[in-house]
Amino acid sequence: MLSKIRNIISKKKKSKIICLTAYSKNIAEELDKYTDLILVGDSLGSVLYNYKSTRNVTLEVIIEHAKSVRLGIKKSLMIVDMPYKTYRNKKEALKNCKKIIKETKCDGVKLEGGVKIKNIVNHLIINKIPVMGHIGILPQLVRGKFKSKGKSEKEKKQLMKDAVILEKMGCFGIVLECIEKNLSNKITKAIKIPTIGIGSSNCCDGQILVTDDLLGLTNSKIKFVKKYVDLKKHIRKGVKKFKSEVINKKYPTKSYSY
Ligand code: KIV
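So, here is what we can say about the structure in this document. It should be emphasised that the depicted structure is a prediction, and the values quoted were computed from it without experimental measurement.

Overview of the pattern of salt bridges
(1) Moving on: The tally for this structure, following the rule as stated, stands at ten salt bridges.
(2) Moving on: Of the charged contacts, one joins aspartate 205 and lysine 12 as a salt bridge, the two residues approaching to 2.8 Å between their closest N and O atoms. Note that aspartate 205 is positioned in the loop between strand E7 (195-198) and strand E8 (206-209) and lysine 12 in the loop between helix H1 (3-10) and strand E1 (17-21), a separation of 193 residues in sequence.
(3) Moving on: Overall, aspartate 205 belongs to the buried group, its relative accessible area being 8%.
(4) Moving on: Residue glutamate 64 is joined to lysine 67 by a salt bridge in which the shortest nitrogen-to-oxygen separation is 3.1 Å. Here glutamate 64 and its partner lysine 67 are both found in helix H4 (residues 59-72), three residues apart, which amounts to about one turn of the helix.

This is how it looks when you write it as structure tokens:
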């Protein structure tokens, strides 16, 4: 097992695991100083391309973004999302994972689903592909509004089963998306691998957010999104100053010219 993965697993119960998404080198480079794991998430479909669903993200697009992200990471574990319809059976999943790992030099992949994809997950892990699970809200399957998971008894049982089976199949961690607090706490306590929450309370072993949301680059109204900085404001300020200096011939001065 990769030492970076061992390190992430060993953080369970000791210190919180810091995870964020990145879609390009320059952002990855800055995140890497603070993160344990960087995910090239298929959220890039809605965040960068305005797609209605992550389903439109292709293998080729995620690979190109991941290649850029790779250039910015020195220490964090780099995980790439397997796009929709790239892991419908064992053979397809293995072929596409190998392609992603070969072309992007990432450390592992993330797949959405639990019991339903257990044989695929197991096949990948037997073939030495590190896999991160993702349960709760599965954006590749959701149509319309996101609703939290784990309210009904049936849903609770299913999500617990999903988490336990993913651990058994050999996943090194599981993203819990929008899972109600009591259940995310129970799942976190029931399994030995780390849970990474997104909208699933502070009971999880770590947290992940879409970086563009955290930086204020999107207009996300999702409940769990916290805008830590208003980067758009800073962009506007810089660009306005540039425009005004160009108009007033203050830029470029002699020292900025050849
Ligand atoms: O696609 C993504 O960015 C994700 C995370 C937000 C968990 O799956």
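Thoughts on the site of the ligand
(1) Moving on: Around the ligand sit Thr21, Leu39, Gly41, Asp42, Ser43, Asp81, Lys110, His134, Val175, Ile198, Ile208 and Val210, and those are all the residues in its vicinity.
(2) Moving on: Contacts to the ligand include serine 43, whose side-chain N or O atom sits 2.5 Å from an oxygen atom.
(3) Moving on: Tallied by class, residues from the shell around the ligand come to five nonpolar, four polar and three charged.

What about the environment of glutamine 158?
(1) Moving on: With respect to the element layout, glutamine 158 can be found in helix H7 (residues 153-169).
(2) Moving on: Judged by relative accessible area, which is 36%, glutamine 158 ranks as partly exposed.
(3) Moving on: Here the alpha-carbon distance between glutamine 158 and valine 246, two residues 88 residues apart in the chain, equals 60 Å.

With respect to the side chain of lysine 110
(1) Moving on: Along the chain, the position of lysine 110 falls in strand E4 (residues 108-110).
(2) Moving on: At a separation of 2.8 Å, a polar atom in the side chain of lysine 110 contacts the side chain of aspartate 81.
(3) Moving on: Those residues in contact with lysine 110, other than ones at most four positions away along the chain, are Leu39, Ile79, Val80, Asp81, Met82, Met132, Gly133, His134 and Val175.

Rules and cut-offs
- Residue positions are given per chain, counting from 1 as you read along its sequence in written order.
- Two thresholds apply to this predicted model, a pLDDT of at least 70 for residue-level local features and 80 or more for giving and counting side-chain atom pairs, whereas whole-chain, interface and lining totals are computed over all residues.
- Based on all heavy atoms of the structure, the side-chain values leave hydrogens and waters out of the count.
- What makes a salt bridge here is a side-chain nitrogen of Lys or Arg within 4 Å of a carboxyl oxygen of Asp or Glu, nothing more.
- The numbering of helices and of strands both runs from the N terminus, where a helix is a DSSP run of H or I of at least 4 residues and a strand a run of E of at least 2.
- Think of it in three bands: with a 1.4 Å probe and only protein chains considered, a residue is buried below 20% of the maximum accessible area for its type, exposed above 50%, and partly exposed in between.
- One heavy atom within 4 Å of a molecule or strand is enough for the residue carrying it to be called near that molecule or strand.
- Side-chain atoms alone can form a polar contact between residues adjacent in sequence; in general such a contact is a pair of N or O atoms within 3.5 Å, and within protein one must be able to donate a hydrogen while the other accepts it.
- We call Asp, Glu, Lys and Arg charged. Ala, Val, Leu, Ile, Met, Phe, Trp, Tyr, Cys and Pro are nonpolar, and the rest, Gly among them, are polar.
- Any pair of residues with heavy atoms lying within 4.5 Å of one another is described as a contacting pair.

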